[in-house]
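Here is how the chains run, residue by residue.
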Amino acid sequence: GGQEHWNFSRSLLFEKTNYMSQICQELYEIAETLDHFGKLLGSELKAVTDNPQKIDEVIHRVRQLVVPLENLQVDIFQSIYHPIWETTIIDFRDNVDKIDEMTIQFIDDSFDKLRSSEGAFEFLQNFKVMKSRKKIQKQLMEKFSAILNQYGREVRKVKGLFETNMTSPPISISQPQVAGSIAWVRSLYYRIKRPILRFQNSRDSLLAKAEGQDACKKYINVAKAMFEYQERLLKEWTSSISSIVALKLKDSK
């Protein structure tokens, strides 16, 4: 005899589970968004800005995102309540867009007043391997030029300290003059060497860019002057010691 077929409505059978799947995807979007903001607005960003209070303001706005979700009094997995959920998720996305813009503006302001080129560079390197808001990530990746500009300011500052104090370096009373002077100039040198090495050893070196090459030239010029200063101190010290030894030997005869 003929084989009977079981006819069923796919829409009726899967309508509820498909709807629940959609809601789960949107809940995942919310969780992922909160996670991205949490990673971005952390200690690394505070370390490179002079306005950590602004980060706290943005963090507060992020925390407020979940308040409407927590206050929902309906079962969001029931399609009958879809209009309420739809309004909630639209409002969530609108608020996220506003927080994106706030964060981008904050990043712009912060990177114009960088504390440390090395700290900012380290943060951006970490950020590159971190999932995050696309708008904000794009903005951060454009900040490498600001880092190089900050490094240039740091080199100029160190150069100024060097040239101002080279005739009478700030050393402690317990240090011999020459040894203290060399220790002082080396400390200045390492202040500008450490960032340049960090830039150079990155996966995509900042120094390959035109701005990076300019920063490198400034570093080399200052470093060269410091090495010549150190060599001159050593040469003068060696010469003076030789003279003293010669006199002492002469006196002992």
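The model shown is predicted, which means the values in this text are computed figures rather than measured ones. (Residues numbered from 1 in each chain as written. Predicted model: local features only at pLDDT ≥ 70, side-chain atom pairs only at ≥ 80, totals over all residues. Heavy atoms only, no water.)

Novice: Explain the packing of helix 8 (residues 144–165) against helix 9 (residues 177–200) to me, using residue names and the numbers behind them.
Specialist: Closest axis-to-axis distance for the helix 8/helix 9 pair is 10 Å, and the angle between their directions is 165°. Comparing their axes, helix 9 and helix 8 come out roughly antiparallel. The two elements helix 8 and helix 9 cross, and the hand of that crossing is left-handed. Judged by residue contacts, I147, L148, Y151, E154, V155, K157, V158, L161, F162 and N165 of helix 8 engage W184, V185, L188, R191, I192, P195, I196 and F199 from helix 9. Class assignment of the residues belonging to the contact of helix 8 with helix 9 gives a composition of 14 nonpolar, one polar and three charged. (Axes fitted to C-alpha atoms, helices over the stretch in contact; angles between N-to-C directions. Helix = DSSP H or I, 4+ residues; strand = E, 2+ residues; numbered from the N terminus. Parallel < 35°, antiparallel > 145°, perpendicular 65-115°, else oblique. Left-handed = near helix turned anticlockwise from the far one by under 90°. Contact = heavy atoms within 4.5 Å. Nonpolar A, V, L, I, M, F, W, Y, C, P; charged D, E, K, R; others polar.)

Novice: Give a description of helix 8 that names residues and reports values.
Specialist: Helical geometry note: an α-helix holds 3.6 residues per turn, so side chains three or four residues apart project in the same direction. The first and last C-alpha atoms of helix 8 sit 32 Å apart over 22 residues, in line with the 32 Å expected at 1.5 Å per residue. Along helix 8, the residues that are buried comprise F144, A146, I147, L148, Q150, Y151, G152, E154, V155, V158 and F162. (Expected span 1.5 Å × (residues − 1). Buried < 20%, exposed > 50% of the residue type's maximum accessible area, 1.4 Å probe, protein only.)

Novice: So what's going on with the confidence of the model for the protein chain? Residues and values would help.
Specialist: With 85% of its residues at a pLDDT of 70 or more, the protein chain shows a mean pLDDT of 83. Helix 4 (residues 67–70) holds the highest mean pLDDT among the elements of the protein chain, 92, whereas helix 2 (residues 43–47) holds the lowest, 72. (pLDDT = per-residue confidence, 0-100.)

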